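Structure assessment
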Amino acid sequence: GDLSGVEEPLPRRFHISNAYPNPFNPVITIDFEIDRPRNVSMYLFDLMGRKIRTILEDREFQAGIFQEKWFGKDDRGIQVSNGIYFVQLNSDKERLKRKITLLK
């Protein structure tokens, strides 16, 4: 069908809506919502609170729904081990955190 003219409602909040593993694939898909134009950074931390990966750094976004993928590698390109990690989404003074589980 032709969906032109059907407007998706814009998100009303800055939010990590979902973070889920792709089955049998060391990929985590992170869905997030942005309520207004803002600069956004996204980082991944291990359980010890060490930053292991920078996914976005000070990137400009318009309001909308977005998706980033993490392929289970740290900033040096080394595959990290299975386990629990945290994705952190930062913008202005706001910091959102969500727990994610990496399974290979």
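Residues numbered from 1 in each chain as written. Predicted model: local features only at pLDDT ≥ 70, side-chain atom pairs only at ≥ 80, totals over all residues. Heavy atoms only, no water.

Bridge count between strand 3 (residues 38–45) and strand 4 (residues 51–61): seven bridges; the pairing is antiparallel. Within strand 4, the residue paired with M42 across the bridge is L56. Following strand 3, the chain reverses through five residues before pairing antiparallel with strand 4; G49 in that reversal takes a positive phi of roughly 85 degrees. (Pairing = 2+ DSSP bridges. Helix = DSSP H or I, 4+ residues; strand = E, 2+ residues; numbered from the N terminus.)

The next point concerns the side chain of S91. Within the secondary structure layout, S91 lies in strand 6 (residues 83–91). When its relative accessible area of 2% is taken as the criterion, S91 is described as buried. Every residue in contact with S91, bar those within four places of it in the chain, is listed here: F14, R38, N39 and V40. (Buried < 20%, exposed > 50% of the residue type's maximum accessible area, 1.4 Å probe, protein only. Contact = heavy atoms within 4.5 Å.)

Aromatic ring pairs: the centre-centre distance and the angle between the two ring planes describe each pair. Applying the stated criterion across every chain, the model contains four aromatic pairs. Taking 5.6 Å as the distance between ring centres and 85 degrees as the angle between the ring planes, the aromatic pair formed by F32 and F61 counts as edge-to-face. Placement of F32 in strand 2 (residues 28–34) and of F61 in strand 4 is noted, with a sequence separation of 29 residues between them. In this structure F32 comes out as buried when scored by relative accessible area, which is 0%. (Phe/Tyr/Trp six-rings, centres within 6.5 Å; stacked < 30°, edge-to-face > 60°.)

The values reported here are purely geometric and, on their own, carry no functional implication.
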